[in-house]
Amino acid sequence: MRVLVTVKFTPDLQSHRSFTDGAVTRIGDDGSMNELDENAVEAAMQVVEAHGEGEVIALTVGGADAVAAVRKALQLGATQAFHVSDDAIAGSDVFGTAAVLAAAIRTIDSQQPLDLVVTGMAALDGLTSMLPTALVAHLDWPQLTLASALEVDGATRTATIRRDLPDAHETVSAPLPAVVSVTDEANKPRYPNFKLIMAARSIPVTTWSLADLGIEASAVGASAARTRVLDASPRPPRENRQVVTDTGNGGTALAAFLIERGLA
Amino acid sequence: MTVAVLAEHRHGTLGGPTLEALTLARTLGTPVVVWLGDAPHADDVARLGAYGATEVRVVDTGATGRIPAVAAAALEAATADVDVVVVISTFVNKETVTRYAMATGAGVVVDASGAQRVDGAIVTEQTVFAATWNIRTRIEAPRAVVGVRPNTTRAVPVDQPLTPTVVEVPFSAPAVRETLVAVEAVVPDQGIALDEAPVVVSGGRGTGGDYTLIREFADLLGGAVGASRDATDEGWIGHEHMVGQTGTTVTPALYVACGISGAVHHRGGMQASGTIVAVNMDPDAPIFEIADFGVVGSLFDVLPQAMAAIREHRGQ
């Protein structure tokens, strides 16, 4: 099984962030692979391990710091890494980002066919969780998204997932190659071990520009985005906050607060 | 300007957020409702009319209606004359509208808390980054899709209820490669869905796995039961109760966090709630930083006393 995982660089969730001219500015450089992408790498590793052959390939798109995301994937067991980086990509919306990822996936697939693409369910710093579906639509592959469980049958070349939705648990299957997004319920991601960390250091990361993938710069980036952030402002802290220590009447105080606010 | 609202219905019954979305849609143009699946009951059509729907467009999506590509194609079939589509911002609807946007060129904002027309274009409001920032976004594409969070618009009926025309939209589902092998309905353990509840009472590690008081308090306040990631990981309560960025994002009028420290992933799923109340043994718990009212103490002492006081106030 050849399984490609898309991963995203995200800043430390606790770090400070701000907006400048509609774009996200991260203060501080503490960042790594999006935490939910660890579930995607783990799912990909488990598919390869279950079939006893194959490899996991990591792909990211983003600025120079984004290479940290594929490096993390290598430490978790991926054996090839690709990084699409181009100034023209900055400011892309989800459709632009998906177009770049899809072009890179098609290029990799044309060199040696892929069986599966796995993504995380969302980026914890993101403004959407639309990327997996946008990627599916760009690739025109079957969609197996929001999987809390994944099984791949090599003999029938079929992937089957479980989707836990608010109104129903679905079991959905589709022929390979397919795109799967996994939730944080799908598995417990492994920790990188020393051997893999050392091995990952010697694996080169292939860097591609838009031109390498045959994408016009005008098709992506801020100018092609269908939405534009007009302004951003930090939410004001809640005012008049009260914290009381329960010395025997904490519950009564809580009830009084709710009654006063008309909430009880 | 025709604005389409995608009706949210579970187990055949209209969901509350649809009326909120309809209330918002009225400020953006003439609202019509798109209803995917089996035709709505007459009383649901009447409710939609009471909130301003001029038309209910029913698309029978057939056996494959739960497949995202089919739902998106059905929405497209029902919205040829529409320039704004309003949906409830659920994980499923995000899939539907992403495919819809890929097919129609629409611009999409999800997890919005509001929207308005400014010089003809749709401008949305969102809270982002674990609800620490407010942003306003303009949709530049000719067609706009807005995914709104439940409880962000108060549903208000129109002065004169309308009698919507029910129109059946011709539709033949596209061929898909995905196969629905099984669909097992989830029976909600309470009448009220977590993401739609006006009040959410959540329990975390501090419950030690005992949700009796949490459920009792939720019942008393007419709310739903939530949980932290710690609690669902322990198996104390089902994952469908998990409040947080990867579980359910809630924005109730009142959120009560009991025995929950307030990790960043949890806060991201509830920080935009109206009033936040916290009960926790640890005075340094981060949840107190965002709580309007906090009690440092044991939920096993505080909740029974609070419930007794509320019942007394109500004369129960």
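The residue count restarts for each chain, going from 1 along the sequence in the order it is written. Whichever chain is written first is A, and whichever ligand is written first is 1; the rest continue in order. Local features are withheld for residues below a pLDDT of 70 in this predicted model, meaning they are given only at 70 or higher, and side-chain atom pairs are given and counted only at 80 or more; totals for whole chains, interfaces and linings count all residues.

This part covers the overall build of chain A. Within chain A one finds six helices and 15 strands. C-alpha atoms of chain A, sized along the principal axes, occupy 70 × 40 × 40 Å. Buried residues are those with 20 or more other C-beta atoms within 10 Å of their own C-beta, exposed residues have 12 or fewer, and partly exposed residues lie in between; C-beta atoms are placed from the backbone. Counting all 264 residues of chain A, 52% fall into the buried class. Long-range contacts, defined as pairs at least 24 residues apart, comprise 71% of the intrachain contacts of chain A with a sequence gap of at least 6. Helix numbering and strand numbering both begin at the N terminus, where a helix is a DSSP run of H or I of at least 4 residues and a strand a DSSP run of E of at least 2. By the convention adopted here, residues are in contact when the distance between their C-beta atoms, placed from the backbone, does not exceed 7 Å.

Turning our attention to the pairing of strand β9 (residues 143-153) of chain A. All names here are of chain A. At least two DSSP bridges between two strands are required for those strands to pair. Sheet topology places β9 next to strand β12 (residues 178-182); three bridges connect them, and they run parallel. Each bridged residue has a counterpart across the sheet, and for Leu144 the counterpart in β12 is Val180. Of the strand pairs in this sheet, β9 and strand β10 (residues 158-164) are connected by six bridges, and their pairing is antiparallel. In the sheet register, Ala147 faces β10, and the bridge partner there is Arg163. Hairpin connection, β9 to β10: the antiparallel pair is bridged by four residues, and Arg157 has positive phi, about 50°.

What follows covers the sheet that holds strand β5 (residues 55-59) of chain B. Within the open sheet, the ten strands sit side by side as β14(A)-β9(B)-β8(B)-β7(B)-β10(B)-β6(B)-β1(B)-β4(B)-β5(B)-β11(B). Their pairing is mixed. Strand pairing shows two members of the sheet lacking a second neighbour, β14 (227-234) of chain A together with β11 (165-168) of chain B, which therefore form its edges. In this sheet, adjacent strand axes meet at a mean angle of 30° when their direction is disregarded. For strand β6 (residues 84-88) of chain B and strand β10 (residues 144-148) of chain B, the ladder comprises five bridges, and the chain directions are parallel. Bridge assignment links Val87(B) to a residue of β10(B), and that residue is Gly147(B). Under this scheme, a helix contributes an axis fitted over its contacting stretch, all axes are lines through C-alpha atoms, and angles between N-to-C directions fall in the 0 to 180 degree range.

For the rest of this paragraph, the subject is unusual backbone geometry. Residue and element names in this part refer to chain A. For the bond running from Leu176 to Pro177, omega is -5°, close enough to zero to count as cis. Examined against the element boundaries, Pro177 turns out to sit in the loop between β11 (168-175) and β12. Unusually for a residue other than glycine, Asp140 sits at a positive phi of about 60°. If you trace the backbone, Asp140 turns up in the loop between α4 (131-139) and β9.

On to the pairing of strand β7 (residues 107-118) of chain B, then. Residue and element names in this part refer to chain B. In this structure, β7 lies alongside β10, joined through four bridges in parallel fashion. From the neighbouring strand, Gly107 faces β10, where its bridge partner is Ala144. Examined bridge by bridge, β7 and strand β8 (residues 121-128) share six bridges and lie antiparallel to one another. In the sheet register, Ala112 faces β8, and the bridge partner there is Gln126.

This paragraph deals with the nonpolar core. Counting 134 residues, the largest nonpolar core has Val5(A) and Ala73(A) as its most contacted members. A per-element tally of this core places helix α3 (residues 94-111) of chain A first, with eleven residues. When neighbours within four sequence positions are excluded, Ala73(A) is seen to be in contact with Val5(A), Val7(A), Met33(A), Val41(A), Ala58(A), Ala78(A) and Ala81(A). A set of buried Ala, Val, Leu, Ile, Met, Phe, Trp, Tyr and Cys residues, joined through C-beta atoms within 7 Å, is what we mean by a nonpolar core. The next biggest cluster of nonpolar side chains, apart from the first, holds 51 residues, and it includes Phe257(A), Val200(B), Ala285(B) and Ile310(B).

All names here are of chain B. The N-to-C vectors of helix α5 (residues 212-221) and helix α9 (residues 299-314) enclose an angle of 25°; their axes lie 10 Å apart at closest approach. Viewed along their axes, α5 and α9 adopt a mutual orientation that is roughly parallel. Once α5 is placed against α9, the crossing between them reads as left-handed. Counting all contacts with α5, which are made through Leu213, Glu216, Phe217 and Leu220, the residues of α9 involved are Leu299, Phe300, Leu303, Pro304, Met307 and Ile310. Put simply, Ala, Val, Leu, Ile, Met, Phe, Trp, Tyr, Cys and Pro go in the nonpolar bin, Asp, Glu, Lys and Arg in the charged bin, and everything else, Gly too, in the polar bin. Residues belonging to the contact of α5 with α9 are distributed by class as follows: nine nonpolar, no polar and one charged. Note on terminology: angles under 35 degrees are roughly parallel, angles over 145 are roughly antiparallel, angles of 65 to 115 are roughly perpendicular, and the others are oblique. A crossing counts as left-handed when the near helix is turned anticlockwise from the far one by less than a right angle, and as right-handed when that turn is clockwise.

This part takes up the environment of Phe9(A). Residue and element names in this part refer to chain A. By secondary structure assignment, the location of Phe9 is in strand β2 (residues 9-11). Overall, Phe9 belongs to the buried group, with 26 C-beta atoms counted inside 10 Å. C-alpha of Phe9 to C-alpha of Asp184: the two residues are 175 residues apart in sequence and 17 Å apart in space. When sequence neighbours within four positions are dropped, the list of residues in contact with Phe9 reads Gly31, Met33, Thr60, Gly62, Asp65, Ala66, Ala68 and Ala69.

It is worth spelling out the interface of chain A and chain B at this point. With 67 residues of chain A in contact, the opposing surface of chain B contributes 70 residues. Looking at the side of chain A that touches chain B, the elements that each hand over two or more residues are β3 (17-20), α4, β9, β10, β11, β14, β15 (242-245) and α6 (250-260) of chain A. With nine residues, the top contributor of residues to the side of chain A that touches chain B is α6(A). Per-class residue counts for the side of chain A that touches chain B are 34 nonpolar, 18 polar and 15 charged. As judged from the six bridges shared by β11(A) and strand β12 (residues 179-185) of chain B, these two strands associate in the antiparallel manner. Note that in β12(B) the partner of Ser173(A) across the bridge is Thr179(B).

So, on to the sheet that holds β9(A). Taken in spatial order, the ten strands make up an open sheet running β13(A)-β7(A)-β6(A)-β1(A)-β8(A)-β12(A)-β9(A)-β10(A)-β11(A)-β12(B), and their pairing is mixed. Looking along the sheet, the strands with just one partner apiece sit at the ends: β13 (205-208) of chain A together with β12 of chain B. Strand-to-strand twist of the sheet, defined as the mean angle between neighbouring strand axes without regard to direction, takes the value 30°. Inspection of the sheet shows strand β1 (residues 2-6) of chain A paired to strand β6 (residues 55-61) of chain A by five bridges, in the parallel sense. For Leu4(A), the partnering residue across the bridge sits in β6(A) and is Ile57(A). Contacts from helix α1 (residues 37-51) of chain A reach β1, β6, β8 (116-120), β9 and β12 of chain A, with the element oriented near 150° to β8(A).

Time to look at the domain arrangement of chain B. All names here are of chain B. Where each domain starts and ends follows an automatic or database-derived domain assignment. Here chain B is partitioned into domain 1 (2-168) and domain 2 (194-314). When each unit is reduced to the centre of its C-alpha atoms, the spacing between domain 1 and domain 2 is 30 Å. Across the contact, ten residues belong to domain 1 and twelve residues belong to domain 2. Class assignment of the residues belonging to the side of domain 1 that touches domain 2 gives a composition of four nonpolar, five polar and one charged.

So, on to α6(A). Among the residues making up α6(A), those that are buried are Gly250(A), Gly251(A), Ala253(A), Leu254(A), Ala255(A), Phe257(A) and Leu258(A). Buried-residue contacts for α6(A) involve β15 of chain A together with β16 (275-280), β17 (293-296) and α9 of chain B.

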